There are 2 protein chains.
Amino acid sequence: MTPLDEALRLEALAEGRFRGHTHPGYANMVGPFGGITAAQALAAVMQHPARIGEPLTLTVNYCAAMADGGFDAIAQAVKTNRTTQHWWVELRQDGRTVTSATAVTALRRQVWQRVEHQMPVVPAPETLARAPSLRFVEWPRRYEMRVIDDPLPLVDDDTEHPSSRGRMWVRDDPPRPLDACALAAICDVFFPRIWRRRARKTPAGTVSMTVCFHADAALLAATGSSPLLAQAQAQAFRCGFFDQAVQVWNREGELLATSQQVVYHKA
Amino acid sequence: MTPLDEALRLEALAEGRFRGHTHPGYANMVGPFGGITAAQALAAVMQHPARIGEPLTLTVNYCAAMADGGFDAIAQAVKTNRTTQHWWVELRQDGRTVTSATAVTALRRQVWQRVEHQMPVVPAPETLARAPSLRFVEWPRRYEMRVIDDPLPLVDDDTEHPSSRGRMWVRDDPPRPLDACALAAICDVFFPRIWRRRARKTPAGTVSMTVCFHADAALLAATGSSPLLAQAQAQAFRCGFFDQAVQVWNREGELLATSQQVVYHKA
């Protein structure tokens, strides 16, 4: 059982009601890594006995800081159709909502398919050094990251960079077969784009993240524990917030997920 | 009062409980245009007396077909922080949820800002013909659309197009000062990207749409009723669904909103 499996373990209390715990291996500076919270919210849907289909989309709203310790996960099917199911999820601590989420699960069908956003040509993961661990943050140690063109800025020199785009090869450490919860977490592995574009490590935190799952279970299984190519870029920084658009491909160039998040930053 | 103002009119029944109506001017083939439903869900938040701040992000999940007629809109502040507020919204007909949504409103601040996804160089709206009305669909008549490179395919010739990207100048008809509700609706004005990429008008419907609002109220006011440049492109088509990433700029090149939606399509 890997740290990710441990973090995703939810104890069923009643139908649609689970007990989970933050995991010290995914600790951020304050509270848990947002990606693991997203994965835990999705895990409540995945473990719901009435679920039909596979994840299609997930929106996670980070309402309040999550404290280290236990939480209740409540998942409710708002509407069940023939091939899609709409979910409402809350993570609560001490009776207060700390995370709200919606998700759609769907029966997938093998029909006409195309990748339009093609995987960029980048060096193979074997040719790149693993990113060093950070002294004060635990969760990056749970990922084998091989950064291509997006080193963590070490100096706040305010030398503005023309682009916030970053790319890395990434997979869980220890390697673990990919599933939708792991993929949701990986959509959040990038440091805030403002640190790169503005070249200043101003405090920042994700407000909301939406993940669109293109991969069905068969493609996730075929991807297994191979490194994934992840790319992130902001489209605009304005009035104290910016967005971050993400794509995740497997080595064969299949686009597994696309994501968009909104991030708060301090002046 | 324009048709959009009429469509957004909600009668307050109790705190966070409103009565609204579908508008015949925004009728789609079956039920209303998804963009107007998104705008109505956001309108319930905007009219809530406890709201703080301006829209930052909105996710709308189309759970079930909305019938023409009245609906209840329920908006609830899940969490109110000092500068952000997290919302849960439902549109109901006959006691059943037809649309679920989450939104975040936030106090915006004039701080460091950049547009990273720059407005493409395209012909001015004055040089382009207005798109013709469609005989069987009412809602496109509520928009002045000047299509740049994305004509509605008229023949299903299955001649695959290398790109699904489409661009148009668009504004409400009659022209109306832009606000966040109008902007949310405009994020949904594109026909399904599969009609272009695959070149087959297979039935398709939006499952979920997320809008990130970059513009604050001052920028929306400055934009007024000028035409907006809207761009849409899919990133992947797989297993019966595809995504559609959207950007909306004003004529001055400010990025007002970015959006991502997930669309179902028939084989």
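Given the structure is predicted, the values throughout are model-derived calculations rather than measurements.

Looking now at the pairing of strand β8 (residues 143-147) of chain A. Residue and element names in this part refer to chain A. Of all five residues in β8, four are buried, a share of seventy percent or more. Where β8 lies against strand β9 (residues 166-172), five bridges are found, and the strand directions are antiparallel. Considered in β9, the bridge of Val 147 is made with Met 168.

Moving on, we get to the pairing of strand β4 (residues 70-80) of chain A. All names here are of chain A. Looking at chain direction, strand β2 (residues 17-21) and β4 are connected through five bridges and run antiparallel. The partner of His 21 across the bridge, within β4, is Gly 70. Pairing of β4 with strand β5 (residues 84-93) involves eight bridges; the strand directions are antiparallel. The residue of β5 that forms the bridge with Ala 75 is Val 89. Between β4 and β5, which pair antiparallel in sequence order, lie three residues.

Residue and element names in this part refer to chain A. Structurally, Gln 85 can be placed in strand β5. In terms of polar contacts, Gln 85 uses its side chain to reach the backbone carbonyl oxygen of Ala 50, at 3.0 Å. Among the polar contacts made by the side chain of Gln 85, one reaches the side chain of Trp 87 at a distance of 3.5 Å. Beyond its immediate chain neighbours, meaning those up to four positions away, Gln 85 contacts Ala 50, Arg 51, Ile 52, Ala 77, Lys 79, Thr 80, Ala 103, Val 104 and Thr 105.

Another aspect to go through is unusual backbone geometry. Residue and element names in this part refer to chain A. Of note, the amide linkage connecting Asp 173 to Pro 174 takes the cis form, showing an omega dihedral of 0°. With respect to the helices and strands, Pro 174 occurs in the loop between β9 and α3 (180-186). Of note, Cys 239 is a non-glycine position whose phi angle comes to about 55°, a positive value. Locating Cys 239 in the fold gives a position in the loop between β12 (236-238) and β13 (241-249).

On to helix α2 (residues 34-46) of chain B, then. Residues and elements named next belong to chain B. Its 13 residues give α2 an end-to-end C-alpha distance of 18 Å, which sits within 8% of 18 Å, the value for a rise of 1.5 Å per residue. By the criterion of burial, α2 is predominantly enclosed, with 12 of the 13 residues buried. All buried positions along α2 are accounted for by Gly 34, Gly 35, Ile 36, Thr 37, Ala 38, Ala 39, Gln 40, Ala 41, Leu 42, Ala 43, Ala 44 and Val 45.

Cut-offs used in this document
Sequence order as written defines residue numbering, which begins from 1 separately in each chain. Naming scheme: in the order in which they are written, chains are lettered from A and ligands are numbered from 1. For a predicted model such as this one, the threshold for reporting local features is a pLDDT of at least 70, and the threshold for listing and counting side-chain atom pairs is 80 or more; totals across whole chains, interfaces and linings nevertheless cover every residue. The side-chain figures draw on all heavy atoms in the structure; neither hydrogens nor water molecules are used. Burial classification: accessible surface area is computed with a 1.4 Å probe over protein chains only, and a residue below 20% of its type maximum counts as buried, one above 50% as exposed, and the rest as partly exposed. The helix and strand labels rest on DSSP assignments: H or I over at least four residues marks a helix, E over at least two residues marks a strand, and numbering proceeds from the N terminus. Should DSSP find at least two bridges between two strands, the strands are taken to pair. Any pair of nitrogen or oxygen atoms within 3.5 Å is treated as a polar contact; in protein, a donor-acceptor pairing is required on top of that, and neighbouring residues in sequence qualify only through side-chain atoms on both sides. Residue contacts are counted whenever heavy atoms from the two residues lie within 4.5 Å of one another. Helices are assigned an expected span. That span is 1.5 Å times one less than the residue count.

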